[in-house]
Amino acid sequence: MREKILVIDDDEKITSMLRRSLAFEGYTVFTANHGMDGLKQILENEPDTVVLDVMMPQLDGWEVVRRIREGGSDVPVLMLTAKDEVSDRVKGLDLGADDYLVKPFALEELLARVRVLLRRKAADKTEQSSNKLQYQDIFMDLDTREVYRGGQLIELTTKEFELLHLFLQNPRRVLSRDVIMEKIWGYDYSGESNVLEVYIALLRQKTEEHGHKRMIQTVRGAGYVLRGEG
């Protein structure tokens, strides 16, 4: 799917030039010639990046970026301005802009900055998704340390959470007792020899509440595996 760029600028020459150039780079391009239309298009088209002029009638770029952030959107914003004052750049960045480019600008530099913002957004999205794990109806959020099964919250201790985390990182893969002990308790663990079996039993009890089927299976002589029955 092609990434979407919204250009908000009241200068028709600039919007026309950027529409052609960004489209040539393979992006889907939308344009708006004033701030209110730009805000409307953000809601309708959900762009991946916004190129926003500061000096516009009725609603200037600063007010537009302020409303974008107040509305909860984290879309990357590249601001364009004819002013090269430090105070103006700081104002835009403080309001929530991600980057700043002074007019007149080189087209190659604008395209490069757009690519950087798109890469940053993609990296943030990957990082966010990597903090959430799911296998069938078991869901784990690493940021909040919450675990759900079938939409119901499961209260886990620290070690139970770490053990389930290991299984969710390796679904359908048989993990030997030695591997699990090393990952969760470390090489130098010298406690009860049956500690793993105890925690497996506790984890099963909690994840099988409310009639849920067993997901942590014993593979005789090999270890344990996270998989559905059958």
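Enquirer: With reference to specific residues and values, describe the pairing of strand β8 (residues 146-149).
Expert: Of the two faces of β8, only one is covered, namely that formed by Val-147 and Arg-149; the face formed by Glu-146 and Tyr-148 stays uncovered. Sheet topology note: the strand β7 (residues 138-141)/β8 ladder contains four bridges and is antiparallel. For Met-140, the partnering residue across the bridge sits in β8 and is Val-147. For β8 and strand β9 (residues 152-154), the ladder comprises three bridges, and the chain directions are antiparallel. Its bridge partner being in β9, Arg-149 is matched across the sheet by Gln-152. The turn linking β8 back onto β9 is made up of two residues, and Gly-150 within it adopts a positive phi angle of 60°.

Enquirer: Could you give me a rundown of the nonpolar core, with the residues and numbers involved?
Expert: Within the largest apolar cluster, 26 residues are counted, with the highest numbers of intra-cluster contacts made by Val-147, Leu-163, Leu-164, Phe-167, Leu-168, Ile-180 and Leu-196. For this core, the secondary structure elements donating two or more residues are β6 (132-135), β7, α6 (158-169), α7 (177-184), α8 (195-207) and β11 (223-226). Take this core: its biggest share by element is six residues, from α6. Discounting chain neighbours no more than four positions away, the residues touching Leu-196 are Leu-163, Arg-177, Ile-180, Met-181, Trp-185 and Tyr-224. One finds Ile-42, Leu-59, Val-77 and Met-79 within the second-largest nonpolar core, a separate group that totals 19 residues.

Criteria and cut-off values
- Residues numbered from 1 in each chain as written.
- Predicted model: local features only at pLDDT ≥ 70, side-chain atom pairs only at ≥ 80, totals over all residues.
- Heavy atoms only, no water.
- Buried < 20%, exposed > 50% of the residue type's maximum accessible area, 1.4 Å probe, protein only.
- Helix = DSSP H or I, 4+ residues; strand = E, 2+ residues; numbered from the N terminus.
- Pairing = 2+ DSSP bridges.
- Core = buried A, V, L, I, M, F, W, Y, C linked by side-chain atoms within 4.5 Å.
- Contact = heavy atoms within 4.5 Å.

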